[in-house]
Amino acid sequence: MPAKRRASDVSSEFEHIRERMEQARRRVIGAPGSPRFSTPFIEPAVDVFETSDAVVITAEIAGIGEQDLELEVEGSSCVLRGERKAARGGPKRDYRQMEISYGAFQRELLLPAEVNPDGLRTVYKDGMLQISLPKASPAGSRRLKIPVSSKQS
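Here goes a summary of the coordinates provided. (Residues numbered from 1 in each chain as written. Predicted model: local features only at pLDDT ≥ 70, side-chain atom pairs only at ≥ 80, totals over all residues. Heavy atoms only, no water.)

When its secondary structure is counted, the chain shows 1 helix and 10 strands. For the chain, the α and β elements follow one another from N to C terminus as α-β-β-β-β-β-β-β-β-β-β. Within the chain, residue pairs in contact and separated by at least 24 positions form 62% of the contacts whose partners lie at least 6 positions apart. For the chain, the exposed area adds up to about 10800 Å²; of that, 52% sits on carbon and sulfur atoms. (Helix = DSSP H or I, 4+ residues; strand = E, 2+ residues; numbered from the N terminus. Contact = heavy atoms within 4.5 Å. Areas by Shrake-Rupley, 256 points an atom, 1.4 Å probe, with all protein chains shown as cover.)

Attention now moves to the nonpolar core. Buried together is how nonpolar side chains tend to be arranged in soluble globular proteins. Core analysis: the largest hydrophobic core is formed by 22 residues, its most contacted members being Ile61, Leu69, Leu71, Leu80, Leu111, Leu129 and Leu133. Residue assignment for this core shows that the elements contributing at least two residues are strand S3 (54–60), strand S4 (69–74), strand S5 (77–84), strand S7 (103–110) and strand S9 (128–134). Dropping the residues within four chain positions of it, isoleucine 61 is found in contact with Pro44, Leu69, Leu80, Arg84, Phe105, Tyr124, Gly127 and Leu129. (Core = buried A, V, L, I, M, F, W, Y, C linked by side-chain atoms within 4.5 Å. Buried < 20%, exposed > 50% of the residue type's maximum accessible area, 1.4 Å probe, protein only.)

By the secondary structure assignment, alanine 45 is in the loop between strand S1 (36–37) and strand S2 (46–50). It is 8.0 Å that separates the C-alpha atoms of alanine 45 and isoleucine 61, two residues lying 16 residues apart in sequence. If near-sequence neighbours (up to four positions away) are discounted, alanine 45 is found in contact with Thr58, Ala59, Glu60 and Arg107.

Attention now goes to a nonpolar patch on the surface. Taken together, the side chains of Phe14, Ile17 and Met21 define a hydrophobic patch exposed on the protein surface, amounting to about 350 Å² of accessible area. When you line up the elements, phenylalanine 14 lands in helix H1 (residues 7–29). Assessed through its relative accessible area of 57%, phenylalanine 14 is described here as exposed. (Patch = residues over 30% accessible without salt bridge, like charges linked within 9 Å, V, L, I, M, F, W, Y side chains within 5 Å. Salt bridge = Lys/Arg side-chain N within 4 Å of Asp/Glu carboxyl O.)

Attention now moves to the side chain of arginine 84. Inspection of the secondary structure puts arginine 84 in strand S5. For the buried residue arginine 84, which engages in no salt bridge, the nearest side chain bearing the opposite charge is glutamate 60, 7.8 Å off. Within the structure, arginine 84 has its side chain in polar contact with the backbone oxygen of alanine 62 (distance 2.5 Å). (Lys, Arg positive; Asp, Glu negative; His and termini not counted. Polar contact = N/O pair within 3.5 Å; in protein donor to acceptor, adjacent residues only side chain to side chain.)

This next bit is on the pattern of salt bridges. On inspection of all chains with the given rule, the structure shows 5 salt bridges. Here lysine 135 ties to glutamate 50 by a salt bridge, and the two come within 2.7 Å at their closest N and O atoms. Here glutamate 50 lies in strand S2 and lysine 135 lies in the loop between S9 and strand S10 (144–146), a separation of 85 residues in the sequence. Its relative accessible area of 29% is what places lysine 135 among the partly exposed residues. Glutamate 50 sits in the partly exposed class, given a relative accessible area of 41%. The network of salt bridges with shared partners includes Glu70, Glu72 and Arg81.

So, about the sheet that holds strand S8 (residues 121–125). Pairing is antiparallel in the open sheet, where 4 strands are placed in the order S2-S3-S9-S8. Sheet topology places S2 and S8 at the edges, where each strand pairs with a single neighbour. Taking the axes of each pair of neighbouring strands and ignoring which way they run, one obtains an average angle of 10 degrees across the sheet. With 5 bridges connecting them, S2 and S3 associate as antiparallel partners. Bridge assignment links phenylalanine 49 to a residue of S3, and that residue is valine 56. (Pairing = 2+ DSSP bridges. Axes fitted to C-alpha atoms, helices over the stretch in contact; angles between N-to-C directions.)

The values are spatial; any link to function lies outside them.
Now the structure itself:
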């Protein structure tokens, strides 16, 4: 017959697990009061909606220059690539908190309809990129890379 475990033994095991989890947390994000760091910027937030004649994508990409963006459209898929570059030069920075992520990103979207990239329009304003793609018949789709401009096309 197995020996009964005392409540204090179980409590001690849970305390040990809690301490190990706290140690792991400190290794990842640092101790209280130390600099905090966020996860990498992997995919910008997007909204995708459909009108009677177009598919519209709005992407939140603040701090990214239009020269650092690339858009690829083929059939009913769209890939938005870019890079948020860190500031260079200036005084040495001793971060206490760091939540703005830098580096390359890619966002792949499956669109609700086939689109025609030839009629694409983009507007980039206040950190928001709006892409309007006219709908097309499936036979009319093809692959096309499009430069992004802040001027309305």
